[in-house]
Structure formats: C-alpha cells, structure tokens
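# Structural overview for review
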Amino acid sequence: MRQNTAVGTGIRVGPGTEEHLKELTDIYNHYVIRTPITFDVEPVRVEDRARWLADHPPTGRHRLLVAEEAGQVLGYATSSALRPKQAYETSVETSIYLAPEHTGRGLGGLLYQALFEALAEEDVHRAYAVITQPNEASMRLHQRFGFRPAGVHHEVGRKFGTYWDVAWLEKPLR
C-alpha cells in the first residue's frame with residue numbers, strides 16, 4: 001500500500017508495523033480504562049497485541065493503518081474479520097482509535113479515507129461498524145462515510161457498572 005500524506009500537513013498514513021505496537025497499545029488502553037467505547041475491561045499488554053498486529057498485514061482485507069506526525073502515532077484504523085466462519089470473509093468490521101489529545105483534528109476521516117481506498121482493491125463486500133452508544137462523533141463520522149444503521153443491541157455489554165447499547169452500522173463496498 002502506498003503511504004498517504006495529508007495535504008498541507010506532516011501527517012502520514014501507512015501500514016502499522018511492530019515499531020508502532022507500544023503506541024497503538026497505549027492508545028487502545030486509554031479507551032479500555034476510561035471509556036465504554038471498547039468492551040475490554042482490563043488493559044492489554046503489548047505482548048498480547050502482537051497477534052492482533054499479525055492479523056492485520058499490509059495487504060488483504062484486514063488492514064491496520066496508522067496516522068503519524070513527526071514520528072508520533074496519532075491514531076489508527078482497522079478492518080478486521082467480522083466473524084470467524086468462512087462465509088463472512090467478504091465482510092469486515094472497521095474501527096478507529098485516536099490518541100485522546102488528537103481528536104477533533106479530522107484524523108478519523110483521513111484514516112477512513114485511506115482505509116476505504118485500500119479496501120477498494122480487495123474482495124470486500126460490506127463493512128460494519130459497532131459503536132457503543134451514545135457516541136455522536138463516531139456516528140457522524142461513519143454516516144459521513146456512507147454507513148447506515150443496521151440495528152441496535154440493547155444493553156448488550158456491562159462496563160463501569162452500566163449496561164451499554166451498541167449500534168451496528170453497515171456500508172456496501174462494491
């Protein structure tokens with residue numbers, strides 16, 4: 001995959017590598033510890049994320065794209081397996097996680113633009129997003145990229161002593 005550079009900025013978007021793993025884990029753990037956005041309840045270790053990294057190679061349906069500026073990881077986007085059964089292989093679940101100090105800069109849009117450009121070359125039929133509610137910023141971003149509501153799982157996860165709803169959104173890619 002070619003590396004994209006945001007016009008007029010020093011932000012580069014490219015495949016995630018092992019050298020990014022510590023910063024990627026730190027970003028993810030921020031959301032684990034402080035938010036209901038992910039339903040992981042315990043922080044993950046860098047060593048445990050190595051398998052996750054291996055599941056997101058530079059080519060193919062399952063990607064990991066990283067936004068960097070001056071050598072610092074600002075955030076990342078992924079497309080991952082939706083479900084393990086083979087018939088689901090042309091569907092992916094997409095996610096974006098940004099370093100908390102870099103939200104509101106348009107990075108989510110930059111990452112999704114690069115991710116969907118990369119996926120256009122792959123045999124992917126549908127993308128799905130799973131968004132803990134409420135999360136208006138994430139809902140707006142996904143709708144801007146053509147995702148439409150596909151349903152809500154009510155009180156499907158419990159974190160911080162509260163039950164959370166999760167909205168499912170879908171986007172056709174072909």
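Our structure's up above, just so we're on the same page.
An account of the accompanying structure is given in this report. Not measured: the values here are computed from a predicted model.

## Here we look at the environment of Val 73
By the element assignment, Val 73 lies in strand β4 (residues 72–81). Separated by 61 residues in sequence, Val 73 and Arg 12 place their C-alpha atoms 9.6 Å apart. Beyond its immediate sequence surroundings of up to four residues, Val 73 is in contact with His 20, Glu 23, Leu 24, Ile 27, Val 66, Ala 67, Glu 68 and Ala 99.

## Structural notes on the pairing of strand β5 (residues 91–98)
Look at any regular strand and the pattern is simple: side chains alternate between the two faces of the sheet. For β5, the tally of buried residues reaches seven of eight residues, placing the bulk of the element in the interior. One ladder, built from seven bridges, connects β4 with β5; its direction is antiparallel. When the sheet's bridge partners are listed, Ala 77 is paired in β5 with Ile 96. Sheet analysis places β5 next to strand β6 (residues 126–133), joined by three bridges and oriented parallel. From the neighbouring strand, Ser 91 faces β6, where its bridge partner is Arg 126.

## Focus: the nonpolar core
Grouped together as the largest cluster of nonpolar side chains are 42 residues, with contacts concentrated most on Tyr 76, Leu 111, Tyr 112 and Phe 147. Among the elements that make up this core, the one with the highest residue count is helix α3 (residues 107–119) (eight residues). Beyond its immediate stretch of four places on either side in the chain, Tyr 112 contacts Ala 77, Thr 94, Ser 95, Ile 96, Leu 141, His 142, Phe 145 and Phe 147.

## A look at the pattern of salt bridges
Going through the model one piece at a time under the given rule, you end up with nine salt bridges. Here Arg 45 makes a salt bridge to Asp 48, at a shortest N to O gap of 3.1 Å. Given a relative accessible area of 49%, Arg 45 falls into the partly exposed group. It is possible to trace a salt-bridge network through shared partners that takes in Arg 45, Glu 47 and Asp 48.

## Quick look at the pairing of β4
Within β4, eight of the ten residues are buried, leaving the element largely enclosed by the surrounding structure. Sheet topology note: the strand β3 (residues 64–69)/β4 ladder contains six bridges and is antiparallel. Bridge pairing links Glu 68 to Val 73 in β4. The antiparallel hairpin formed by β3 and β4 contains two residues in its connecting segment, where Ala 70 sits at a positive phi of about 50°.

## A few points about unusual backbone geometry
In this structure, Pro 134 follows Gln 133 across a cis peptide bond, with omega equal to 0°. Summarising the element assignment, Pro 134 is placed in the loop between β6 and α4 (136–144). Phi is positive for Glu 155, close to 45°, though the residue is something other than glycine. Among the structural elements, Glu 155 can be located in strand β7 (residues 148–159).

## What about the packing of α3 against α4?
At a minimum axis distance of 11 Å, the contact between α3 and α4 shows a crossing angle of 35°. Here α3 and α4 pass one another in a crossing that is right-handed. Listed contacts from α4 to Gly 108, Gly 109 and Tyr 112 of α3 are Leu 141, His 142 and Arg 144. Within the contact of α3 with α4, the residues separate by chemical class into two nonpolar, three polar and one charged.

Thresholds, definitions, all that
Residues numbered from 1 in each chain as written. Predicted model: local features only at pLDDT ≥ 70, side-chain atom pairs only at ≥ 80, totals over all residues. Heavy atoms only, no water. Helix = DSSP H or I, 4+ residues; strand = E, 2+ residues; numbered from the N terminus. Contact = heavy atoms within 4.5 Å. Buried < 20%, exposed > 50% of the residue type's maximum accessible area, 1.4 Å probe, protein only. Pairing = 2+ DSSP bridges. Core = buried A, V, L, I, M, F, W, Y, C linked by side-chain atoms within 4.5 Å. Salt bridge = Lys/Arg side-chain N within 4 Å of Asp/Glu carboxyl O. Axes fitted to C-alpha atoms, helices over the stretch in contact; angles between N-to-C directions. Left-handed = near helix turned anticlockwise from the far one by under 90°. Nonpolar A, V, L, I, M, F, W, Y, C, P; charged D, E, K, R; others polar.

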